[in-house]
There are 2 protein chains.
Amino acid sequence: MKIAMAQLNYHIGHFEHNMNKMLEAAAKAKAQGADIVVFGELAVTGYPPRDFLEFDDFIQQSELVIQKLAAAAQGIAIVVGAPCRNPKPEGKDLYNSAYFLYEGKTLHIQHKALLPTYDVFDEYRYFEPANEFKVLEFKGKRIALSVCEDIWNVGNENPLYTICPLDEMKGQNPDFILNLSASPFSYEHAKNRVHVLKANVSRYGVPMFYVNHVGSQTEIIFDGGSIVMSPDGNVFDEMPYFQESLRTYDLDEVSKGGINKEQTRNKIALIHDALVMGIRDYFGKLGLKSAILGLSGGIDSAVVAVLAQRALGSENVRVLLMPSQFSSDHSINDARKLAHNINIQYDLVFIEDIFKSYEAVLKPHFVGTPFNITEENLQARIRGMLLMAMSNKFGNILLNTSNKSEVAVGYGTLYGDMAGGLSVIGDVYKMEVYELARYMNKDSEVIPENILVKAPSAELRPDQKDSDSLPPYEILDQILYQYIEKRQGPRELVKMGFDEALVRKVLRMVNINEFKRAQMAPVLRVSSKCFGMGRRMPIVGKYLG
Amino acid sequence: MKIAMAQLNYHIGHFEHNMNKMLEAAAKAKAQGADIVVFGELAVTGYPPRDFLEFDDFIQQSELVIQKLAAAAQGIAIVVGAPCRNPKPEGKDLYNSAYFLYEGKTLHIQHKALLPTYDVFDEYRYFEPANEFKVLEFKGKRIALSVCEDIWNVGNENPLYTICPLDEMKGQNPDFILNLSASPFSYEHAKNRVHVLKANVSRYGVPMFYVNHVGSQTEIIFDGGSIVMSPDGNVFDEMPYFQESLRTYDLDEVSKGGINKEQTRNKIALIHDALVMGIRDYFGKLGLKSAILGLSGGIDSAVVAVLAQRALGSENVRVLLMPSQFSSDHSINDARKLAHNINIQYDLVFIEDIFKSYEAVLKPHFVGTPFNITEENLQARIRGMLLMAMSNKFGNILLNTSNKSEVAVGYGTLYGDMAGGLSVIGDVYKMEVYELARYMNKDSEVIPENILVKAPSAELRPDQKDSDSLPPYEILDQILYQYIEKRQGPRELVKMGFDEALVRKVLRMVNINEFKRAQMAPVLRVSSKCFGMGRRMPIVGKYLG
C-alpha cells in the first residue's frame, strides 16, 4: 500500500482555495501511485478557524467541500480534517474530525478526543471530545485515524488528559496510524514532535504517518516537518520545513525501518525562516504586497528590514529614516548603509519641525513642567504617524520592530514605535535579535557591523542608553525567559541566583505593562510562549504588579 | 439555619485585599447570626485570574488565604471559591472549587464539573472537570455545593454539556443548594439567571442560594444581583445590582416561599450603571484617578464624558476640544456647553498648525496624490497624540469613545480616535448610544439637545456625514446585531429581509477590519457578544472578507 502525505499551506475560511489545493495534490498523489492521500487537521477550513466555527454558514461551506472531495476521491482515498456536526443536542455542536473519503462516500469519520485548550489553543471552545474509537479497514489494511493532540498524551510524566485515544484502538490491531495535525512552530517543536512520535511507535508498534500544515495564519506559524516514522523509532522521512511538500511512501518500506532522515536543526536558522514565511503569508493572505518600516540605525529595525526584504523582495520594502535632534550621525549612516546593502528604497524625513509644532500647541497647557517621558513619547509617535501616513497613502503595511525584551517590560511607546500591523520580532528576545543579525551576516555583511556593536539606544533624549532604564539584556532576557516561557515565580527566580530586587522590578514591569501589549499588533510566534493569544493576562490584575 | 450571602467586589490577584474583605464580611455575617457565609466563585483570586493560574506561586498565595479563612471561621462556616490542586498526574493541574471551611478545617471541597469555555470564558484552559459529587452535612442540614456553570445545563434545549452535576447529588437528598458564581453582566443576563434558577428549583425542589460577584475586572463587569430562590420558584430576594451587599436569610423562611422580590430591569439603565461601574473599577483597580478624552461635539464623546464624570467625579475628568478647519461651529459650542453642564475642565487646542507641519514634511513624498483618507487619518491621529501627550504629562488615562457600530465596520482611525486605555462604549451600538443620551437627559438636559438631533459626522473633510460611507444606523445596527450577537450568516440575514448587497458589504466591512479591533483597548462588556476576548476571529481569514 502506498500512502501520500500532503503538507500544504491553507488559508483560513478560503474554502475554494483550500479545496483546489487538495484536489491538485490528490491528482498528483494518484499519479505517484498512492492509494491514500493524507491532508492536515481542519485542512478544509484552515487552522485555527476560531469563532468562524460558530457560524452555521461556515460549517455548511465546509460540508460542501467534503462532498466535493469525496466525489473526487476516485481511485485514491482522501483523508482530510474538517469540522463535523454533533447530532446529539447535548454537548458542543461540533467535533474536530478526520474524514476518510473514497469513491463518493465517507467511509469513516474519527473525531478528536483530546482538545488542546492552552497557550494559543481554544479547541474546547468549539468541539465536543470523541468517545468512540474505531479502526477502519481499507484494501485489507487496518488503519487508525487520529487528529493531532490525540497522540500527544503519550510519553510525558504530567499528561494533560486522562486517556490516550490510541490505547482504545490498540485492541483492534491497526496496521498503521495516520495523524492529521496542525501543530504550530516554535523553535523547539520539531524536536518535541520526534520525541512524541517515538513514544507512540514504541507504545503501539506500528508505523505512523504524521501530516502537518505549513504556512502561517496571522501570528501562528506552521513549519511543516511532517514525519513518517517506522515501528523501530527511526524517522523514515521528515518533510522540509517552511515549504509545501507532497511525497508518497510505500508502507512495506516504512515498516522495515532502519532508515533515519531526521533533519538537523539550528534554532536561529529556524526562527529566521519562520519569520520570513510569517511575513510572506501575512501579506499574501491579506492580498497585500508591500511593507514600510522605520529604520532607526538600531539592531531591531535592521533585522526586521532584512526579514521583510527576504520575504517580500527589495522592490516591496520601503523605509523611512526619521532623525531628530537626538539622533546620532552614525544612526543615519548605518541605516542608509543597510538600505543600500539590501537594495530598498529609503527616504529621509526630519521630525523636528513637527515636534516643534506640537510643543507650540501644548506649551500653554504644559507650563512649568519639565521635559520628560511625554516629549520622548511624542517623538516616537510622530514617527509612528509618519509611517502610518505613508502606509495609508501608498497601501504598504507598517511592520512593527519591537523585540520581545522591550515588549515584555513596556520599553516602548504605544501608538509610536509599538505601532504596526504585524509584530515581526515581538517573540524574539534582544539577545536573540543579535544572533539573528549575526546569522544574516554569516556569508557577507548585510547588516553593517557598527549596528551590531554599538550600545542600544532609543535616542529620544541626549545620550540616552537602554541601560539607563533597563538591566543588561544578558540578565534581563534570562529573567524574562524564566518568567514568561517557564512560568517561574519570584521565589523560584531568586533560588536560581537572580538578585531579588531585580527580579521584583522586572516582574513588576512585565505585569504593569499588560495594557500596552493588549493593544499591540499580532506577534509572529516562534517560542513556546509568545505575547498575544497564547498568553492571557488580566490588565487590572494586582499580582506582582 | 441562617445563611449569609456576600456579594463583593474582588480584585484579581490582590490576595490580601480579597481576604480582608471576606474576613470583614464574615464577622458581620456572624454578628447577624448567620451559621454560614457564602462568597463567590474564585473569590480568593478574583475572577478571571487567567494565566496567573499557571504560576505555582499564585496558587500558593491562594492556598495561604484558604488556610487563614479556615482559621477565622470560628462560630461561622465560610464557603468560598478558590483553585484546588489536582493530586493526580493525569489531567489539568487544578480544579475550580468551592471550599467549606469551619473552625480551622476544610470540611468539604466540591470541584466544578462544567467548565465554561466560550465567549469570554476559558476555564478548560486551566481546570480539570469534577467527577465526584457529594452532599455535605452541617448542623443537621444536607448541603449541595455547586460552582457557577454547574447549574446552567438545566432548562435549555441545546445543553452545552452531557451531564448536570446536581443530578448526581439529587439521590443524596440535599436540603438546599449553594451556588458560588462569577457570572458576568450583559443587559439580558439578570433575566436569564432567574430563568435558570427557576429551572433548577423546579428540578430539585429545594431552596437555592446563588451568590455572584459585583464589580468589574478590566472589560468584564459583574453586576451582582445574587438570588435567593424558594422551592416554589419565587425570588425570595434579589440583591442589588452594581453594589456590594451582605444579607442573612433564614432557611425556613426561604423554604416557605410565596414572596417575590425580583427587581424590575431597564436595559438602558442597566447599561448605564454597568458602564459607570466599569470605568470606576478600571481606574480604582489600577490605582489611577483621572481621565481625559476628546470632546468632538458628537454624541459618542458626549455620552462617554458624562459616564466618566459620573464614575470619577467632575474634578477627575478633563476634556480637549480639538477643532480643525473642517469642524463646524456648533461642534465647539455643543462640546463647550456639555463641559459646562457636567462641570469639567476643558481646553481648546487647534490642530491646524500641526496638520500643516505634517503636510510640509510629507509634501515631497506625496507629490501628485490627492487629499484622501490619509489626510483624514492624520487629523484623527494628531488628536490622539495630543490626548496621549496630556495623558502622559498629567497621568490621566485616555478614554476611548468609539461606539460598537463604528468599531464593527472599521469606521475609525487606528492610533487616532481608536486610541485610549479603555473603550467605554465599544459594546454599545450607535442607536443605543442615543438611548443612553436620552436616558441621561431624563431629568434635565445634561447632553445638549443639538448633539442628539444633528446628523453624525466625523468632520474630517468638508460637509462629511457618516451616511456618506455607511448605511443608516437604524439598519446597520440591526444587521450588526444579527451577525455579531446572533451569529446569523449572509443567507439568514437575507431571509430576514435585509438587502443582499448591503448584507455582503456590511459583513465584509466587519471581517476585513479585524486587524483594527485586534489593536483596540479592552471594551467594557455589556452585551452577550462584545469585541475583544469574547469574540476571537482570525485576521487573515478569508471568510466573507
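Residues numbered from 1 in each chain as written. Chains lettered and ligands numbered in written order. Predicted model: local features only at pLDDT ≥ 70, side-chain atom pairs only at ≥ 80, totals over all residues. Heavy atoms only, no water.

Asker: What is the right way to look at the overall build of chain A in this model?
Answerer: Across its full length, chain A holds 18 helices and 19 strands. Taking 2.2 N^0.38 as the reference for a compact globule, 545 residues should give roughly 24 Å; the C-alpha atoms of chain A span a radius of gyration of 26 Å, in line with that estimate. When its C-alpha atoms are laid out on the principal axes, chain A stretches across 85 × 50 × 50 Å. When burial is assessed residue by residue, chain A has 67% of its 545 residues classed as buried. Contacts in chain A between residues far apart in sequence, at least 24 positions, make up 74% of those at least 6 positions apart. When the accessible surface of chain A is totalled, it reaches about 18400 Å², and 49% of it is carbon and sulfur. (Helix = DSSP H or I, 4+ residues; strand = E, 2+ residues; numbered from the N terminus. Rg over C-alpha atoms; globule rule 2.2 N^0.38 Å. Buried < 20%, exposed > 50% of the residue type's maximum accessible area, 1.4 Å probe, protein only. Contact = heavy atoms within 4.5 Å. Areas by Shrake-Rupley, 256 points an atom, 1.4 Å probe, with all protein chains shown as cover.)

Asker: Please explain the confidence of the model for chain A as it appears in this structure.
Answerer: Where the model shows low pLDDT, its predicted coordinates should not be examined in detail. Chain-level pLDDT for chain A is 97 on average; 100% of the residues reach the 70-or-more range. For this predicted complex, the interface confidence reaches an ipTM of 0.96, while the overall pTM sits at 0.97. (pLDDT = per-residue confidence, 0-100.)

Asker: Would you take a moment to explain helix α7 (residues 299-312) of chain B for this structure?
Answerer: Every α-helical turn comprises 3.6 residues, leaving residues that sit three or four positions apart pointing alike. Under the 1.5 Å per step criterion, the end-to-end length of α7 of chain B is 20 Å for 14 residues, consistent within 8% with the ideal 20 Å. Among the 14 residues in α7 of chain B, 13 count as buried, and that is most of the element. (Expected span 1.5 Å × (residues − 1).)

Asker: What should I look at first to understand the pattern of salt bridges in this one?
Answerer: A side chain with one charge may pair with a side chain of the opposite charge, provided their charged atoms come close. All names here are of chain B. Counted under the stated rule, the structure contains 71 salt bridges over all chains. Residue Glu244 is joined to Lys21 by a salt bridge in which the shortest nitrogen-to-oxygen separation is 2.5 Å. One end of the pair, Glu244, is in the loop between β13 (235-238) and β14 (245-250); the other, Lys21, is in helix α1 (residues 15-31), with 223 residues separating them in the sequence. Here Asp167 and Arg203 are joined by a salt bridge, their closest N and O atoms 2.8 Å apart. Taken as a pair, Asp167 in helix α3 (residues 165-170) and Arg203 in helix α4 (residues 189-204) lie far apart in primary sequence, 36 residues in all. Assessed through its relative accessible area of 31%, Asp167 is described here as partly exposed. (Salt bridge = Lys/Arg side-chain N within 4 Å of Asp/Glu carboxyl O.)

Asker: Mind showing me how you'd approach the nonpolar core here?
Answerer: Side chains of nonpolar character tend, in soluble globular proteins, to be buried together. If you look at the biggest cluster of nonpolar residues, it comprises 250 residues, and the most contacted ones within it are Tyr358 of chain A together with Tyr358 of chain B. With residues near it in sequence (within four places) discarded, Tyr358 of chain A still touches Leu378, Ile382 and Met385 of chain A together with Ile354, Tyr358, Ile382, Met385 and Leu386 of chain B. (Core = buried A, V, L, I, M, F, W, Y, C linked by side-chain atoms within 4.5 Å.)

Asker: Which parts of the structure should I look at to understand the relation of the copies chain A and chain B?
Answerer: The pair of chain copies shares a relation made of a rotation about an axis and a shift along it. Once turned by 180° and shifted 0.0 Å along the axis, chain A lies on chain B with an RMSD of 0.0 Å. Taken together, the rotation angle and the small translation identify this as a two-fold axis. Of the C-alpha atoms belonging to chain A, the one lying closest to the rotation axis is found on Gln519 of chain A, 2.1 Å away. Mapped onto chain B, 100% of the interface residues of chain A are again interface residues, and the two copies thus contact each other with one and the same surface. (Least-squares fit on C-alpha atoms with pLDDT ≥ 70 in both.)

Asker: Would you mind showing me how to read the packing of helix α7 (residues 299-312) of chain A against helix α12 (residues 430-440) of chain A here?
Answerer: Any two packed helices are characterised by how steeply their axes cross, that is the angle between the axes, and by the distance between the axes. All names here are of chain A. As a packed pair, α7 and α12 sit with axes 10 Å apart at the nearest point and diverge in direction by 50°. Accordingly, the angle class assigned to the pair α7 and α12 is oblique. Considering the relative orientation of α7 and α12, their crossing is left-handed. Two secondary-structure elements touch here, α7 through Ile299, Asp300, Val303, Val306, Leu307 and Arg310 and α12 through Lys430, Val433, Tyr434, Leu436, Ala437 and Met440. (Axes fitted to C-alpha atoms, helices over the stretch in contact; angles between N-to-C directions. Parallel < 35°, antiparallel > 145°, perpendicular 65-115°, else oblique. Left-handed = near helix turned anticlockwise from the far one by under 90°.)

Asker: What's the story with unusual backbone geometry in this structure? I'm lost.
Answerer: A cis amide bond links Tyr47 of chain A to the next residue, Pro48 of chain A, at an omega of -5°. Mapping Pro48 of chain A onto the fold places it in the loop between β2 (36-38) and α2 (56-72). For Thr218 of chain A, which is not a glycine, the phi torsion comes out positive at approximately 55°. Note on placement: Thr218 of chain A falls in the loop between β10 (214-217) and β11 (220-223). In this structure, Asn173 of chain B takes a positive phi of about 50° despite not being glycine. Note that Asn173 of chain B resides in the loop between α3 and β8 (176-180).

Asker: Looking at this model, I keep getting lost on the packing of helix α6 (residues 267-286) of chain A against α12 of chain A. Mind explaining?
Answerer: Residue and element names in this part refer to chain A. Packing of α6 against α12 leaves a shortest axis separation of 10 Å and a crossing angle of 85°. Between α6 and α12, the angle falls in the class roughly perpendicular. Facing α6, whose interface residues are Lys267, Ile268, Ala269, Ile271, His272 and Leu275, α12 presents Glu432, Glu435, Leu436, Tyr439 and Met440.

Asker: Can you walk me through the environment of Tyr543 of chain B in this structure?
Answerer: With respect to the helices and strands, the residue Tyr543 of chain B is situated in the segment after α18 (514-517). At 2.5 Å, the side chain of Tyr543 of chain B forms a polar contact with the side chain of Asp57 of chain A. At 3.4 Å, the side chain of Tyr543 of chain B and the backbone nitrogen of Phe58 of chain A are in polar contact. (Polar contact = N/O pair within 3.5 Å; in protein donor to acceptor, adjacent residues only side chain to side chain.)

Asker: Looking at this model, I keep getting lost on the packing of aromatic side chains. Mind explaining?
Answerer: For any pair of aromatic rings, the description consists of the separation of the ring centres together with the inter-plane angle of the planes. Inspection of the entire model under this criterion finds 37 aromatic pairs over all chains. With a centroid separation of 6.2 Å and an interplanar angle of 80°, the aromatic rings of Tyr47 of chain A and Phe222 of chain A are classed as edge-to-face. Separated by 175 residues along the polypeptide, Tyr47 of chain A in the loop between β2 and α2 and Phe222 of chain A in strand β11 bring together distant segments of the chain. Joined through ring pairs, the aromatic side chains of Phe15, Phe52 and Phe58 of chain A together with Tyr543 of chain B make up one cluster. A cation over a ring is seen here: Lys267 of chain A above Tyr187 of chain A, with NZ or CZ 4.5 Å from the ring centre. Above the plane of the ring of Phe531 of chain B lies Arg517 of chain B, whose end atom (NZ or CZ) is 4.6 Å from the centre. (Phe/Tyr/Trp six-rings, centres within 6.5 Å; stacked < 30°, edge-to-face > 60°. Lys NZ or Arg CZ within 6 Å of the ring centre and 35° of its normal.)

Asker: Quick question: what am I supposed to make of the environment of Leu544 of chain B here?
Answerer: By secondary structure assignment, the location of Leu544 of chain B is in the segment after α18. Sequence-wise, Leu544 of chain B and Ile512 of chain B are 32 residues apart; in three dimensions their C-alpha atoms are separated by 8.7 Å. Residue contacts for Leu544 of chain B: discarding those within four places in its chain leaves Asp57 of chain A together with Tyr483, Pro490, Arg504, Leu507, Arg508 and Asn511 of chain B.

Asker: It is not clear to me how the interface of chain A and chain B should be interpreted in this structure. Could you clarify?
Answerer: On the side of chain B, 103 residues touch chain A, which itself brings 103 residues to the contact. The contact between chain A and chain B buries some 8800 Å² in all, and 61% of this surface belongs to carbon and sulfur atoms. Of all residues in chain A, Lys393, Val540 and Tyr543 of chain A give up the largest surface area on contact with chain B, accounting jointly for 10% of the area buried on that side. For the pair chain A and chain B, the number of links is 8 salt bridges. Among the salt bridges present, the one from Arg536 of chain B reaches Asp122 of chain A, with a minimum N-O distance of 3.2 Å. Applying the counting criterion to the chain A and chain B interface returns 50 residue pairs in polar contact (both at pLDDT 80 or more). Breaking the side of chain A that touches chain B down by element, the ones donating at least two residues are α2, α6, β17 (345-348), α9 (352-366), α10 (373-394) and α16 (490-495) of chain A. For the side of chain A that touches chain B, the leading source of residues is α10 of chain A, giving 14 residues. Tallied by class, residues from the side of chain A that touches chain B come to 51 nonpolar, 25 polar and 27 charged. (Buried area = accessible area lost by both parts, 1.4 Å probe. Nonpolar A, V, L, I, M, F, W, Y, C, P; charged D, E, K, R; others polar.)

Asker: Got a minute to help me understand the sheet that holds strand β18 (residues 397-400) of chain A in this structure?
Answerer: Strands pair in a sheet through their backbones, by hydrogen bonds, and they do so in one of two ways: parallel or antiparallel. Residues and elements named next belong to chain A. One open sheet accounts for 5 strands, arranged β17-β16-β15-β18-β19; its pairing is parallel. Each of the sheet's edge strands pairs with one partner strand only, and the pair in question is β17 and β19 (422-423). Each of β15 (291-294), β16 (317-321) and β18 touches α7; the most contacted strand, β15, lies at about 170° to it. (Pairing = 2+ DSSP bridges.)

Asker: I'm lost on the sheet that holds β2 of chain A in this one. Help?
Answerer: Residues and elements named next belong to chain A. Read from one edge to the other, the open sheet built from 6 strands follows the order β5-β4-β3-β2-β1-β14, with strand pairing classed as mixed. Every interior strand has two partners, whereas the edge strands, β5 (105-111) and β14 (245-250), have only one. Sheet twist, expressed as the mean angle between neighbouring strand axes with direction ignored, is 30°. One ladder, built from 6 bridges, connects strand β4 (residues 94-102) with β5; its direction is antiparallel. Residue pairing across strands places Phe100 opposite His108, the latter belonging to β5. Packed on one face of the sheet, α2 meets β3 (77-85), β4 and β5 and runs near 160° to β3.

Asker: Would you mind going over the environment of Gln464 of chain B with me for this structure?
Answerer: Residue and element names in this part refer to chain B. Relative to the helices and strands, Gln464 is located in the loop between α13 (449-453) and α14 (466-469). By relative accessible area, which is 3% here, Gln464 ends up buried. A C-alpha to C-alpha distance of 44 Å links Gln464 and Gly225, two positions 239 residues apart in sequence. Leaving out residues up to four positions away in the same chain, Gln464 has contacts with Glu376, Tyr411, Ser457, Ala458 and Glu459. Within the local environment of Gln464, its side chain forms a polar contact with the backbone nitrogen of Glu459, the two atoms lying 3.5 Å apart.

Asker: Explanation requested: α2 of chain A in the structure shown.
Answerer: The end-to-end C-alpha distance of α2 of chain A, which contains 17 residues, comes to 25 Å, matching closely the 24 Å that a straight helix rising 1.5 Å per residue would cover. Listed as buried for α2 of chain A are Asp57, Phe58, Ile59, Ser62, Val65, Ile66, Leu69 and Ala70 of chain A. Here the buried face of α2 of chain A lies against α1 (15-31), β3, β4 and β5 of chain A together with α16 (490-495) of chain B.

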